[in-house]
Amino acid sequence: MNINYKKIILTTGGFTLLALLVSCLIMFLLLFFVFTKDLADFCYYLGDYTMAGNLYSRVYDKNGEINYCYMALTIDIKTDDYDGVIKNYEMFIADDEYKSFMEKISYSNQIVQGGVLERSALTNEYNYLEDKYTLALIKTKNSTKAFERAVEMFSRYENFTFTFQGYYSLNRFINADNIAKFDDNYVGYDGILVDAMQDYFNDALIIFEQNKSVTEIDKKAFLVSLGNRLILVGQSVNTVYNQLDYNTSLIATNVASMTMINDTIKGLI
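These notes cover the structure that comes with them. Starting from 1, residues in each chain are numbered consecutively following that chain's sequence as written. Two thresholds apply to this predicted model, a pLDDT of at least 70 for residue-level local features and 80 or more for giving and counting side-chain atom pairs, whereas whole-chain, interface and lining totals are computed over all residues. Hydrogens and water are ignored here; the side-chain numbers use all heavy atoms of the structure.

Brief notes about the packing of helix 4 (residues 66–78) against helix 6 (residues 98–110)
Here comes step 1: Angles shown run from 0 to 180 degrees and are taken between the N-to-C directions of axes, each axis being a line fitted to C-alpha atoms and, for helices, limited to the stretch in contact. Under the DSSP-based scheme used, a helix requires at least four consecutive residues in state H or I and a strand at least two consecutive residues in state E, with every element numbered from the N terminus. At a minimum axis separation of 11 Å, helix 4 and helix 6 run at an interaxial angle of 65 degrees. By the angle between their axes, helix 4 is roughly perpendicular relative to helix 6. Note that helix 4 runs across helix 6; the crossing there is right-handed. Between helix 4 and helix 6, the residues in contact are Ile-66, Asn-67 and Tyr-70 and Tyr-98, Phe-101 and Ile-105, respectively.
Here comes step 2: For the contact of helix 4 with helix 6, the per-class residue count stands at 5 nonpolar, 1 polar and no charged. Our angle categories are set so that under 35 degrees counts as roughly parallel, over 145 as roughly antiparallel, 65 to 115 as roughly perpendicular, and the remainder as oblique. Throughout, a crossing is termed right-handed when the near helix is turned clockwise from the far one, and left-handed when it is turned anticlockwise from it by less than a right angle. Between two residues, a contact is recorded if the distance between any of their heavy atoms is within 4.5 Å. Residue type decides the class: Asp, Glu, Lys and Arg count as charged, Ala, Val, Leu, Ile, Met, Phe, Trp, Tyr, Cys and Pro as nonpolar, and the leftover types, Gly among them, as polar.

Describing the packing of aromatic side chains
Here comes step 1: A pair of Phe, Tyr and Trp rings is counted when the ring centres sit within 6.5 Å of each other, with Trp represented by its six-membered ring. The angle between the planes then sorts it: under 30 degrees is stacked, over 60 is edge-to-face, the rest tilted. Tallied over the full model, the rule gives 17 aromatic pairs.
Here comes step 2: Taken together, a centroid distance of 6.2 Å and an interplanar angle of 75 degrees make the contact between Phe-147 and Phe-182 edge-to-face. Taken together, the residues Phe-147 in helix 9 (residues 143–154) and Phe-182 in the loop between helix 9 and helix 10 (193–210) connect sequence positions 35 residues apart.
Here comes step 3: Only protein chains enter the accessibility calculation, which uses a 1.4 Å probe; a residue whose area is less than 20% of its type maximum is buried, one above 50% is exposed, and one in between is partly exposed. Look at Phe-147 and you get buried, because its relative accessible area is 5%.
Here comes step 4: Since its relative accessible area comes to 0%, Phe-182 is described here as buried.
Here comes step 5: Its end group placed over the ring of Tyr-49, Lys-78 keeps NZ or CZ at 4.9 Å from the ring centre.
Here comes step 6: Two limits define a charge over a ring: the Lys NZ or Arg CZ must be within 6 Å of the ring centre, and within 35 degrees of the ring normal. For Lys-181, the ring lying beneath its charged end belongs to Phe-147, and the centroid distance is 4.8 Å.

No statement about biological role is implied by the geometric values presented.
The following block contains the structure:
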C-alpha cells in the first residue's frame with residue numbers, strides 16, 4: 001500500500017493553517033468586543049492611529065468614561081479626521097463630566113515638565129479643542145455654523161482672566177468672503193464685532209502689562225500664551241481695519257503694542 005506522504009503533509013499543513021487563522025480571528029474578535037481598550041492601546045502603540053481612535057470611541061460608547069472620548073477626539077485632531085472631530089467633540093462637551101474633566105486636564109497641563117514655551121502651548125486646552133472643532137466645521141463645508149459658533153464663544157470675552165483667556169477662533173474667518181461680517185452686530189455684543197475684538201485686545205493688554213514681572217515658570221507660561229493670543233487678535237483686528245477702511249488710526253498703536261509683547265516674550269523664552 002502506497003502512502004501519499006505529500007498529500008498527508010499538505011492536508012495536515014492546511015488544517016494547521018486554517019486552525020491558526022480561526023484562532024487569530026477568534027482572538028481578534030475577543031479583543032475587539034471584550035478587550036477593546038487593550039486593542040486600542042496596541043493599535044496606538046503600532047502607529048495605527050485611525051483604528052485606535054475608532055476603538056477608543058467604541059470604548060466610550062460602551063462604558064461612558066469621558067477620558068476615552070477625549071482620547072478619540074485628540075487622535076481625530078492628530079489625523080485630520082474632521083468628521084470624527086465634530087462627532088467626538090460634540091459628544092465630549094455634552095458629557096456631564098466635561099467640566100470636571102477639563103479642570104483636571106488644565107491642572108495637569110500646568111504642572112507638566114518643560115520650558116516656558118512648551119508649557120505655554122498647554123495653558124488653554126479649552127480653546128485649543130474648540131478651535132479644532134471650528135476648523136473641522138469649516139473643512140466639512142459648515143462655515144456658517146462655524147462662524148456663528150466662533151461669534152457665540154467669543155461673546156464671553158469680558159469674563160477672561162490671566163489664566164483663562166477665553167475662546168478665540170475668529171481669525172479663521174479673516175478673508176475676503178467674510179470680512180463684512182466683522183462690521184455687523186451680534187447677540188451678546190454692544191457694538192460691531194471688530195470693536196469687541198479691539199476691546200478684548202485693550203483689556204488683555206492691561207492684564208499682560210500687569211503680569212510682565214512674574215517669575216514663576218507656570219505664570220511665565222501663561223504670560224507667553226496671553227501674549228501670543230494678543231498678537232493673534234491684534235493681527236486680526238488690523239486686517240479688518242485695513243479691509244473695511246475703518247479705525248485705521250488705531251493700526252499703528254496696535255502694532256506698537258504687539259511689538260512690545262513680542263519683545264517681552266523673547267525675553268521669557
